[in-house]
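Descriptive analysis of the structure
One-letter residues, chain by chain:
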Amino acid sequence: MSYYKRMIDASLSVWALKRVHKPVLLRGARQVGKSTAVRHLGESFANYVEINFEKQPEYKSLFQDNLDVQRIVPQMSAMCGKPITAGKTLLFFDEIQACPEAIMALRFFKEDMPLLHVVAAGSLLEFALAELPTFGVGRIHSIFMHPMTFDEFLEANGETLLMQARDNASSDNPLPEPLHEQLVKWLRTYMLVGGMPEVVKKWVDTHDFLQCQEIQDDIVVSYEDDFSKYRKKIDPVLLRRVMRSAAVQATNKFVYARVGEGYKTNEIKKALEMLVLAGILIPVTHTDANGLPLGSEADSAYRKMLLLDSGLMLRLLNMTMGDVLQITTQILTASAADLVNKGPMAELVAGLELLRYQTPNLRHDLFYWYRQAKNSQAEVDYVTAYKQKVLPIEVKAGTQGGMKSLWLFMREKKLTEAVRCSLENFGSFEYKDQEAKDAVRQVRICPLYAVSRV
């Protein structure tokens, strides 16, 4: 089976080359490719041992009496019939949430067997971690994994040369129009296929959207089936409703009342937080953005919710609304300006891309700016940090005159640089703000297919 290169491979390789290292806890939503990435890393070791605590529950007994890893590892080696040797073996604990004692034991690998390479991963792992009194803070190295980026999608489809041409372009040296059009076409496909590895593989093999949708539906159902495991904590029906409501409300302020009648706000909030913990929903929080860090002025009462994957969002919309043919047609055929300005897909993809290209060692936040005055509503889609300054990012196609919110934000915060993400070619323009004594504001145009360049 072919392996599609992932950005996480570099982080895992750097970790593997260290002589003394902490165990890795690979975190992320179900089916984003965690296990496959670890197996790929295992090919660089003399020995690879994988223990799946759901498929092989007999291994749980090794962790029952005590958490002495110097006892556990030789017994594990005897049970699986493979050598587990420091420096030569990659030991992978998959579905580790099924054995909480194994999670707690990870810290002792750093203390008692620091030369052995250990990686752990699991489904809904964040829920299991929340129930543990401790799991080795400071002794475990977390790496967060997401669905495939647009760049990874291009590479899986063999478009490495097209990526290289894009990366050589700039605002002063835009792409030739045929290459620009090719990338726009690929981005339209990516919006529909998304970045779940199994779906991407099906697209590479068949180029059939309907077959991809079948897999996407299976993934959504598997997520919803998982919710029943946490029936004691929260109503699984409410979790399903919140997830589907988030798809309908994507890129708008999340309104609790739109989830459905009969649920209290606190119950909905709890369901939201569980879906965020599971990596299924990505919050985008309002910030006043007067300076850095952006989180210091964040207001969680004003949040948007993004689904972790554009393809899954379309399937959730289909399950909720019954028919997304019009949205699908718009993605495939609408003009570039209409695709960006009408509907949530461009803004969703831009936000997910901004998140995924950041360092995987931390759980990063997304922010936006919003002002609701009596006669003046204004919103900037994303706000991030660049060179120790606040950088606004507007997802919009069109003319300077259609960017009133951006100009207002830049004037209020005394900023001179911004980015416009659209389906235009690379470029830039300057704007003389007459309401601020002709202050010059520069906006760079970053095509949506090049968010990795931001």
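Residues numbered from 1 in each chain as written. Predicted model: local features only at pLDDT ≥ 70, side-chain atom pairs only at ≥ 80, totals over all residues. Heavy atoms only, no water.

Attention now moves to helix α13 (residues 310-321). With twelve residues, α13 should reach 16 Å at 1.5 Å per residue; the first-to-last C-alpha distance of 16 Å fits that figure. All of the buried residues in α13 are S310, G311, L312, M313, L314, R315, L316 and L317. Those residues of α13 that are buried lie in contact with α8 (177-193), α10 (209-227), α11 (236-248), β7 (298-307), α14 (325-333) and α16 (345-356). Backbone nitrogen of G311 and a side-chain oxygen of the N-cap are separated by 3.1 Å at the start of α13; the cap is D309. At the C-terminal side of α13, G322 shows a positive phi close to 95°. (Helix = DSSP H or I, 4+ residues; strand = E, 2+ residues; numbered from the N terminus. Expected span 1.5 Å × (residues − 1). Buried < 20%, exposed > 50% of the residue type's maximum accessible area, 1.4 Å probe, protein only. Contact = heavy atoms within 4.5 Å. Polar contact = N/O pair within 3.5 Å; in protein donor to acceptor, adjacent residues only side chain to side chain.)

In terms of nonpolar packing, the biggest core is built from 107 residues, with F150, V242, I280, L307 and L448 touching the most fellow members. In this structure, Y59, I96, I103 and L125 belong to the second largest nonpolar core, which totals 30 residues. (Core = buried A, V, L, I, M, F, W, Y, C linked by side-chain atoms within 4.5 Å.)

Before going further, it helps to examine the pattern of salt bridges. According to the stated counting rule, one finds 17 salt bridges in the structure shown. Here K342 and D338 are joined by a salt bridge, their closest N and O atoms 3.5 Å apart. What makes K342 partly exposed here is its relative accessible area of 48%. Across the salt bridge formed by E424 and R420, the nearest N and O atoms sit 2.9 Å from each other. Under the relative-accessibility criterion, E424 is labelled partly exposed at 23%. (Salt bridge = Lys/Arg side-chain N within 4 Å of Asp/Glu carboxyl O.)

Empty space within the largest pocket amounts to approximately 770 Å³. What lines the largest pocket is a set of 30 residues, and nearest its centre among them are G33, K34, S35, T36 and R39. At the level of secondary structure, the elements contributing two or more residues to the lining of the largest pocket comprise α2 (34-42), β2 (47-52) and α9 (197-206). Looking at the lining of the largest pocket element by element, the count peaks at six residues for α2. Considered class by class, the residues forming the lining of the largest pocket number nine nonpolar, nine polar and twelve charged. (1 Å grid on protein atoms, 1.4 Å probe; cavity = no way out; pocket = protein on both sides within 12 Å on 5 of 7 lines; lining within 4 Å. Points joined across faces, edges and corners; volume = space filled by probe spheres on them. Nonpolar A, V, L, I, M, F, W, Y, C, P; charged D, E, K, R; others polar.)

Between L292 and the following residue, P293, the backbone shows a cis peptide bond with an omega angle of -5°. A positive phi angle is found at A289, which is not glycine, with a value near 55°. Among the residues examined, A289 registers a relative accessible area of 1% and is labelled buried. Positive phi values are uncommon outside glycine, yet K387 reaches one of about 50°.

Let's shift gears to the pairing of strand β10 (residues 389-395). For β10, the buried fraction is high: six of the seven residues fall into the buried class. Pairing of strand β9 (residues 377-386) with β10 involves five bridges; the strand directions are antiparallel. Looking at β10, one finds that Y386 is bridged to K389. Following β9, the chain reverses through two residues before pairing antiparallel with β10; K387 in that reversal takes a positive phi of roughly 50°. In terms of strand pairing, β10 meets strand β11 (residues 417-422) through three bridges, oriented parallel. In the sheet register, I393 faces β11, and the bridge partner there is V419. (Pairing = 2+ DSSP bridges.)

All right, on to the state of the cysteines then. Taken as a whole, this structure holds zero disulfides when the rule is applied. The structure places no disulfide on C446, whose sulfur is separated from the nearest cysteine sulfur, that of C421, by 4.6 Å. Owing to a relative accessible area of 8%, C446 belongs among the buried residues under this scheme. (Disulfide = S-S within 2.5 Å.)

Locating T251 in the fold gives a position in the loop between α11 and α12 (265-277). Those residues in contact with T251 that sit more than four places away from it in its chain are K304, M305, L306, P344, E347 and L348.

In this section: the packing of α8 against α13. Contact geometry for α8 and α13: axes closest at 5 Å, N-to-C directions at 55°. Of the possible angle classes, the one that applies to α8 and α13 is oblique. Residue-level contacts link Y190, M191, L192 and V193 of α8 to S310, G311 and L314 of α13. (Axes fitted to C-alpha atoms, helices over the stretch in contact; angles between N-to-C directions. Parallel < 35°, antiparallel > 145°, perpendicular 65-115°, else oblique.)

Attention now moves to the sheet that holds β7. With mixed pairing, eight strands are arranged side by side in an open sheet as β7-β6-β8-β9-β10-β11-β13-β12. Two strands bound the open sheet, and with one partner strand each, they are β7 and β12 (427-433). Across the sheet, the mean angle from the axis of one strand to that of its neighbour is 35°, orientation sign disregarded. In this sheet, strand β13 (residues 439-447) lies alongside β12 in antiparallel orientation, the contact comprising seven bridges. Residue pairing in the sheet places F429 in a bridge with V443 of β13.

Between α10 and α13, the least distance of the axes is 9 Å, while the angle of their chain directions is 75°. Taken together, the axes of α10 and α13 lie roughly perpendicular to each other. In this structure, α10 contributes Q213, Q216, D217, I219, V220, Y223 and E224 to the contact, and α13 contributes G311, L312, R315, L316 and M319. For the contact of α10 with α13, the class distribution of residues is six nonpolar, three polar and three charged.

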